[in-house]
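Below are the chains, spelled out letter by letter.
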Amino acid sequence: MAGRVLWDVDTQVDFVHADGKLAVPGAMDAVPAMARLVEAARAAGITHVASADDHELTDAEISEEPDYSSTYPPHCLRGTRGAARIPETAQDDPVPLALTEVPAKWLRGREFLLLKKSFDVFTNPNTDRLLERLDPEEIVLFGVATDVCDDAAIRGLLARGRAVTFVEDAARGLDEARTEACLAAWRAGGVRFVTSGQILDEL
């Protein structure tokens, strides 16, 4: 059983950079906190699990007429600059986990990259398997967007009985009202809210 795992949600160029194809408002302001979390995890030897959109134009989520709820404009397309992780949260040598089940012998290391075609990371069959193997006492989660991919990840983790800590200053949402609703639901579900400074003091 791992003590803590750092869970990094979709800190990719298209979401974080202001000129990204699906830029999350204010995400650039969260980058310094994101960077501190990744650096501290690396220094402490804490497992860094990152998710990343890995889209193709044929994916069900991609639309020319998006509703920004279940469909979105083209973003994080495989092989493009926008799909890359921002330098501040880049992993050194992650185990890449796409949508085919990877033999258990490969589920080892300090860094894992869960690729996905949906905002819900649990659509990747390796997510549950990795979570079971790591069996963390606490998951420290940050990233974008609060009201979409963060929300799906946190709800999924809570449904699996996991203790989740959300780093508020290392995340941003797409829609303010929807973000507030997510935060309220998480609090009711037992999620712990911290700043990056608070969690760094604990690492």
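Refer to the structure above for everything that follows.
Conventions we followed
Residues numbered from 1 in each chain as written. Predicted model: local features only at pLDDT ≥ 70, side-chain atom pairs only at ≥ 80, totals over all residues. Heavy atoms only, no water. Helix = DSSP H or I, 4+ residues; strand = E, 2+ residues; numbered from the N terminus. Rg over C-alpha atoms; globule rule 2.2 N^0.38 Å. Polar contact = N/O pair within 3.5 Å; in protein donor to acceptor, adjacent residues only side chain to side chain. Contact = heavy atoms within 4.5 Å. Phe/Tyr/Trp six-rings, centres within 6.5 Å; stacked < 30°, edge-to-face > 60°. Buried < 20%, exposed > 50% of the residue type's maximum accessible area, 1.4 Å probe, protein only. Lys NZ or Arg CZ within 6 Å of the ring centre and 35° of its normal. Core = buried A, V, L, I, M, F, W, Y, C linked by side-chain atoms within 4.5 Å. Expected span 1.5 Å × (residues − 1). Arc of directions from axis to C-beta. 1 Å grid on protein atoms, 1.4 Å probe; cavity = no way out; pocket = protein on both sides within 12 Å on 5 of 7 lines; lining within 4 Å. Points joined across faces, edges and corners; volume = space filled by probe spheres on them. Nonpolar A, V, L, I, M, F, W, Y, C, P; charged D, E, K, R; others polar.

1. Brief notes about the overall build of the protein
Moving on, step 1. Looking only at helices and strands, one finds six helices and seven strands in the protein.
Moving on, step 2. When its helices and strands are written in sequence order, the protein yields β-α-α-β-β-β-α-β-α-β-α-β-α.
Moving on, step 3. Against the 2.2 N^0.38 benchmark of 17 Å for 203 residues, the protein shows a C-alpha radius of gyration of 16 Å, consistent with a compact globule.
Moving on, step 4. Its C-alpha atoms put the protein at 45 × 40 × 30 Å along the principal axes.

2. With respect to the side chain of Asn-124
Moving on, step 1. Structurally, Asn-124 is set in the loop between β4 (111-116) and α3 (125-134).
Moving on, step 2. Here Ala-98 takes part through its backbone oxygen, which lies 3.1 Å from a polar atom of the side chain of Asn-124.
Moving on, step 3. For Asn-124, the contacting residues outside a window of four places in its chain are Leu-97, Ala-98, Leu-99, Leu-114 and Leu-115.

3. Let's talk about the environment of Arg-178
Moving on, step 1. Following the sequence through the fold, Arg-178 ends up in helix α5 (residues 176-188).
Moving on, step 2. With 77 residues separating them in the primary sequence, Arg-178 and Glu-101 have C-alpha atoms 33 Å apart.
Moving on, step 3. Setting aside residues up to four positions removed in sequence, Arg-178 forms contacts with Tyr-68, Ser-69, Tyr-72, Asp-147 and Val-148.

4. Notes on the packing of aromatic side chains
Moving on, step 1. Counted by the stated rule, this structure contains four aromatic pairs.
Moving on, step 2. Both rings, one in Tyr-68 and one in Tyr-72, keep their centres 6.0 Å apart while their planes meet at 90°; by these two values the pair is edge-to-face.
Moving on, step 3. Relative accessible area serves as the criterion here: at 40%, Tyr-68 is assigned to the partly exposed category.
Moving on, step 4. Sitting over the ring of Phe-122, Arg-160 keeps its end group 3.7 Å from the ring centre.
Moving on, step 5. The side chain of Arg-187 reaches across the aromatic face of Phe-193, ending 3.8 Å from its centre.

5. With respect to the nonpolar core
Moving on, step 1. Core analysis: the largest hydrophobic core is formed by 57 residues, its most contacted members being Trp-7, Leu-141 and Phe-166.
Moving on, step 2. For Phe-166, the contacting residues outside a window of four places in its chain are Leu-141, Thr-146, Asp-150, Ile-154, Ala-171, Leu-183, Trp-186, Val-191, Arg-192, Phe-193 and Val-194.

6. So, α5
Moving on, step 1. Between its terminal C-alpha atoms α5 stretches 19 Å, which fits the 18 Å expected from 13 residues at 1.5 Å a residue.
Moving on, step 2. The complete set of buried residues in α5 reads Thr-179, Cys-182, Leu-183 and Trp-186. All buried residues of α5 lie within an arc of 100° about the axis, which places them on one face of the element. Of the exposed residues in α5, those oriented more than 90 degrees away from the buried face are Ala-177 and Ala-188.
Moving on, step 3. Among the structural elements, α4 (146-159), β6 (164-172) and β7 (192-194) are those in contact with the buried residues of α5.
Moving on, step 4. If you check the start of α5, you find a side-chain oxygen 3.3 Å away from the backbone N of Ala-177, and it comes from Asp-175.

7. A short note on empty space enclosed by the protein
Moving on, step 1. On inspection of all chains with the given rule, the structure shows two cavities of 30 Å³ or more.
Moving on, step 2. The volume enclosed by the largest cavity comes to roughly 80 Å³.
Moving on, step 3. As for the largest cavity, its lining consists of 13 residues, and the residues nearest its centre are Phe-15, Leu-22, Val-148, Cys-149 and Leu-174.
Moving on, step 4. Class assignment for the residues of the lining of the largest cavity results in ten nonpolar, one polar and two charged.
Moving on, step 5. The wall of the second largest cavity is formed by Arg-4, Val-5, Leu-6, Leu-37, Ala-41, Ile-46, Val-140, Ile-199 and Leu-203.
Moving on, step 6. Mapped by element, the contributors of at least two residues to the lining of the second largest cavity are β1 (4-9) and α2 (27-44).
Moving on, step 7. Of the residues forming the lining of the second largest cavity, the biggest block, three residues, is contributed by β1.
Moving on, step 8. Residues belonging to the lining of the second largest cavity are distributed by class as follows: eight nonpolar, no polar and one charged.

Everything listed here is a matter of geometry and, on its own, says nothing about what the molecule does.
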